Amino acid sequence: MAKKNELPALIAALVFTVALLGGGAWWLRGQFFGDGLTLPELGQSVGANSEDSGQSGAEQISTAGADGTSGESIIPGPSSADKQAGLEALAAGDFTSAQQAFTAALQENRNDPETLIYLNNAKIGEAQAYTVAVSVPAGSVVNPAQEILRGVAQAQLDVNQAGGVNGVPVKVLVLDDNGEPDRARAISSALVDTPDVLGVIGHFSSDTTLAAAEVYQAGGLTMISPTSTAVKIADIGDYVFRTVPSDRLASATLSRYVSNTLGKQEAAVFYTGESTYSQSVKSEFTTELLSSGGQVVAEFDISQPGFSAGRAVQAAKEAGAEVLMLALTVATADTSSQIIAVNQRSLPIVGSDGLYNPQVLDVGRQNALDLVVAVPWHILSDEQSPFVQESRQLWGGDVSWRTAMAYDATVTLAAGIAQSPTREGVAAAIGESGFQTAGSTGAISFFPSGDRNQPSQLVKVEPGNRSGSGFDYVPLE
């Protein structure tokens, strides 16, 4: 009887997979997904995610040239002629020519944050500067990497145009950890060994952050992650912070929505055992739902051999699940889309920020309607803020929560440097109980753990035109 019931779901999964393979190439053609606006020529890799891990052999990393003077871009693919000319001029120490070339490159493509960072660095030239670094997974997931770099570039521009930090401009080093914990660890070691670096924005995933954070802690170098949410990051030490709320806050928000708004008590959770982030979300959501009087009646690890979205959704229903919770990642977007497809809106679906993904809208379409996702911030909730107004002028479109959190991480480091421009001083200033500075979303402050003191918010998939797919994420009231 069970096999008979799951046959339609299996057929749907097969049809979906064929459609996905046919349409995947179209989606991979350079999507920019800030908060919905599609812009050209901004990133071509979708894979790994805010929360994805990889492995590589031990390697030695040098920070020399990471300010753009290496003459190379970390973004995959060819650079424009003007951008390449700017990189070559910067490498040659010709800062005037570099500024001219980067300015021309931005006129051609103003959505390239790496170019803006190198332009800002070229304006500094050989003058005194305070140096910070940012590490992104450009080699594996260029879209999120670009989102983070936009926040850093915008903050660097704001700080330097306002006169710098106590009159001294901020220079930014840009490094690619490729989403790999081993490489992130090597980068952290190199940054710790670079005395001029006073702080780091990064890393992207919880796995890369956890790999690097212990090195930063031991080396006394402040790290602020704008995107890593795993709860265990808070336990590493007093040089580790993040401007994104932890999974605990996001899971509590989702749990309250399931219990109070949907009126559901029984949930099935989908996660991947290959991601620290995913396991963290699963654990926190399970705990929060239990405290609300509900329970998780089934768990499915999508990384297990033989996992079938159709069979799993059917098993969830047979276990009595009233709602599906996807504690999944950007890297597992294909599986998330399969689950959404075979469910066909028969059960409500909620998810963590890994579900905030253009592929979910573009592939899920009607089946993704009413999906609710917890995110740190959404632009439609804060449209009148100076940050939003400036970002739209600067980038020509809407930016994502990753950009906002990266902006906040950068201005937080600048505020710490303003109080005491030493590594020890920066950490002490930011960790002070009364620390507060203005960010993209309002005041930035931290709990003693180094976690951001800010709640998550919920967005819902509804019909709309902002993403270009016919569906958008819209804040819930």
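Residues numbered from 1 in each chain as written. Predicted model: local features only at pLDDT ≥ 70, side-chain atom pairs only at ≥ 80, totals over all residues. Heavy atoms only, no water.

Student: Got a minute to help me understand the side chain of Q156 in this structure?
Tutor: Position of Q156 among the secondary structure elements: in helix α5 (residues 142-161). In this structure, Q156 is in contact with I117, N120, N121, V170, K171, V172 and T410, ignoring residues within four places of it in sequence. (Helix = DSSP H or I, 4+ residues; strand = E, 2+ residues; numbered from the N terminus. Contact = heavy atoms within 4.5 Å.)

Student: How should I be thinking about the packing of helix α6 (residues 181-192) against helix α7 (residues 206-219) in this particular structure?
Tutor: Two measures define how a pair of helices packs: the angle their axes make with one another and the distance between the axes. Look at α6 against α7: their axes get within 8 Å of each other, and the N-to-C directions meet at 25 degrees. Put simply, α6 runs roughly parallel to α7. For the pair α6 and α7, the crossing hand works out as right-handed. Contacts between α6 and α7 involve P181, A184, R185, S188, S189, L191 and V192 from the former and D207, T208, A211, A212, V215, Y216 and G219 from the latter. Split into classes, the residues belonging to the contact of α6 with α7 amount to 8 nonpolar, 4 polar and 2 charged. (Axes fitted to C-alpha atoms, helices over the stretch in contact; angles between N-to-C directions. Parallel < 35°, antiparallel > 145°, perpendicular 65-115°, else oblique. Left-handed = near helix turned anticlockwise from the far one by under 90°. Nonpolar A, V, L, I, M, F, W, Y, C, P; charged D, E, K, R; others polar.)

Student: Before we go on, may I ask you to explain helix α2 (residues 81-91) in this structure?
Tutor: Because an α-helix packs 3.6 residues into every turn, residues spaced three or four apart end up facing the same way. Those residues of α2 not exposed but buried are K83, G86, L87, A89 and L90. Relative to the axis of α2, the buried residues are bounded by an arc of 165 degrees and lie together on one face. Among the structural elements, α3 (95-108) and α4 (113-124) are those in contact with the buried residues of α2. Following α2 by one or two positions, G93 has its phi on the positive side, about 80 degrees. (Buried < 20%, exposed > 50% of the residue type's maximum accessible area, 1.4 Å probe, protein only. Arc of directions from axis to C-beta.)

Student: Whenever I open this one, the packing of α4 against α5 confuses me. Can you help?
Tutor: As a packed pair, α4 and α5 sit with axes 8 Å apart at the nearest point and diverge in direction by 30 degrees. On the basis of the axis angle, α4 is roughly parallel to α5. Along this stretch, α4 crosses α5, giving a crossing that reads as left-handed. Contacts between α4 and α5 involve P113, E114, L116, I117, N120, N121 and I124 from the former and Q146, L149, R150, V152, A153, Q156, L157 and N160 from the latter. Split by residue class, the contact of α4 with α5 holds 8 nonpolar, 5 polar and 2 charged.

Student: I would appreciate a short explanation of the confidence of the model for the protein chain in the present structure.
Tutor: Low-confidence regions, as indicated by low pLDDT, have predicted coordinates that should not be scrutinised in detail. Looking at the protein chain as a whole, its pLDDT mean stands at 88, while 88% of the residues score no less than 70. Per-residue pLDDT stays below 50 along residues 1-57; that stretch engages in 147 contacts with residues further than four places along the chain or on separate chains. (pLDDT = per-residue confidence, 0-100.)

Student: Help me understand the sheet that holds strand β5 (residues 240-242), please; the structure alone is not making it clear to me.
Tutor: Two orientations exist for strands paired in a sheet by backbone hydrogen bonds: parallel and antiparallel. Strand order in the open sheet made by the 5 strands is β2-β1-β3-β4-β5, with parallel pairing throughout. The open sheet is flanked by β2 (170-176) and β5, the only strands paired with a single partner. Between one strand and the next, the sheet's axes are offset by a mean angle of 25 degrees, whatever the strand orientation. Alignment of strand β1 (residues 130-136) against strand β3 (residues 197-201), held across 3 bridges, turns out to be parallel. The residue bridging V134 from the neighbouring strand is I201, located in β3. Across the face of the sheet, helix α15 (residues 423-431) comes into contact with β3, β4 (222-225) and β5 while running at roughly 45 degrees to β4. (Pairing = 2+ DSSP bridges.)

Student: Any chance you could explain the pairing of strand β13 (residues 457-463) here in plain terms?
Tutor: In regular strands, side chains alternate between the two faces of the sheet. Within β13, 5 of the 7 residues are buried, which leaves the element mostly enclosed by the surrounding structure. As judged from the 4 bridges shared by strand β10 (residues 372-375) and β13, these two strands associate in the antiparallel manner. From the neighbouring strand, V373 faces β13, where its bridge partner is V459. Pairing between β13 and strand β14 (residues 471-475): 5 bridges, direction antiparallel. Across the sheet, the residue bridging to P463 is F471, located in β14.

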